[in-house]
Amino acid sequence: MPPPIEVAGRRIKRYHVTADPAGIEPEVERAAYAILPRLLPEPDGTPPATFVVLHRGADDGAYLNAYSWVWDNVLHFRGAAAGQQVLGCPDRDPAHFVTTDLPWIGCVWELPPVLHERDAWVRHLLASEVPDLAAYLTDSLPAGTTGDRT
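The following paragraphs examine the structure supplied in this document. (Residues numbered from 1 in each chain as written. Predicted model: local features only at pLDDT ≥ 70, side-chain atom pairs only at ≥ 80, totals over all residues. Heavy atoms only, no water.)

1. Some words on the pairing of strand β2 (residues 10–18)
In this structure, strand β1 (residues 5–7) lies alongside β2, joined through three bridges in antiparallel fashion. Within the sheet, the bridge partner assigned to E6 lies in β2 and is R11. Between β1 and β2, which pair antiparallel and follow one another directly, the connecting turn spans two residues, one of which, A8, has a positive phi of 50°. Across eight bridges, β2 lies against strand β3 (residues 49–56) in parallel orientation. Looking across to β3, one finds that R14 is bridged to V52. Read from β2 through helix α1 (residues 26–35) to β3, the crossover connection turns out left-handed. (Pairing = 2+ DSSP bridges. Helix = DSSP H or I, 4+ residues; strand = E, 2+ residues; numbered from the N terminus. Right-handed = clockwise from strand over helix to strand, strands pointing away.)

Take a look at the structure:
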């Protein structure tokens, strides 16, 4: 799992999903993180934390899902896609990301981090006597595939 980064004042935990043992191509990763600022909400006093799922499909598609904590305990979602013309992408280039306005929050392979991150947010920020953003940022889903998580 890639280490957290900071974008627009938010701490970003990162998950990558791909069936390719070599991982996600560097140009796809760079392009995804370049569009990320457009997917983030304005600060609202909630600890500025987001987690993203970058998914490289087996075809031309690549998807970036940004899940940001807002209003103390609400998950804000914005997404971007590349290479999937059916989703409004202008071409089949997996590094040409555009924002999407679909009401979808992720496919079955992208959802295991959502469950883990919900539990980590409760554990470290809502149920803790002293909210601990640093502890939340280090609490990530163990490495492995998302297809065999139960």
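2. Section: the packing of aromatic side chains
Considering all chains together, one arrives at four aromatic pairs under this definition. Note on W69 and W121: the rings are 4.7 Å apart at their centroids and 10° apart in plane angle, and the pair reads as stacked. Here W121 lies in helix α2 (residues 112–126) and W69 lies in strand β4 (residues 62–70), a separation of 52 residues in the sequence. When sorted by exposure, W69 lands in the same class as W121, which is buried. Aromatic side chains W121 and Y136 sit 5.1 Å apart centroid to centroid with 90° between the ring planes, which places their arrangement in the edge-to-face category. Here the residue W121 occupies a position in helix α2, and Y136 occupies one in helix α3 (residues 133–138), the gap between them amounting to 15 residues. Summarising the burial analysis for this pair, W121 and Y136 share the class buried. Just above the ring of Y136 sits the side chain of K13; from NZ or CZ to the centre is 3.9 Å. (Phe/Tyr/Trp six-rings, centres within 6.5 Å; stacked < 30°, edge-to-face > 60°. Buried < 20%, exposed > 50% of the residue type's maximum accessible area, 1.4 Å probe, protein only. Lys NZ or Arg CZ within 6 Å of the ring centre and 35° of its normal.)

3. Notes on the side chain of R14
Mapped onto the elements of the fold, R14 is located in strand β2. Residue classification places R14 among the buried residues on the basis of a relative accessible area of 9%. Leaving out residues up to four positions away in the same chain, R14 has contacts with M1, P2, P3, I5, E29, Y33 and V52. (Contact = heavy atoms within 4.5 Å.)

4. Section: the nonpolar core
With 19 residues, the main nonpolar core has L36, V52, L54, L64 and F97 as its most contacted residues. Those elements that place two or more of their residues in this core are α1, β3, β4 and β5 (74–82). A per-element tally of this core places α1 first, with five residues. (Core = buried A, V, L, I, M, F, W, Y, C linked by side-chain atoms within 4.5 Å.)

5. Looking at the sheet that holds β2
Within a sheet, neighbouring strands are paired by backbone hydrogen bonds and run either parallel or antiparallel to one another. Spatial ordering of the open sheet is given by β1-β2-β3-β4-β5-β6, a layout of six strands whose pairing is mixed. Since the sheet does not close on itself, it has two edges, and those belong to β1 and β6 (98–100), each with one partner. Between one strand axis and the next, the sheet turns through 30° on average, direction left out of account. Taken together, the three bridges between β5 and β6 define a ladder with antiparallel strand orientation. Counted as the bridge partner of A80 is T99 from β6. (Axes fitted to C-alpha atoms, helices over the stretch in contact; angles between N-to-C directions.)

6. Looking at the pattern of salt bridges
Applying the stated criterion to the full structure yields seven salt bridges. R14 serves as the salt-bridge partner of E29, at 3.5 Å between the closest nitrogen and oxygen. Taken together, the residues E29 in helix α1 and R14 in strand β2 connect sequence positions 15 residues apart. Where D60 meets R92, a salt bridge forms, and the shortest distance between an N and an O atom there is 2.4 Å. Taken together, the residues span a long stretch of sequence, with D60 in the loop between β3 and β4 and R92 in the loop between β5 and β6 at a distance of 32 residues. In this structure R92 comes out as exposed when scored by relative accessible area, which is 56%. (Salt bridge = Lys/Arg side-chain N within 4 Å of Asp/Glu carboxyl O.)

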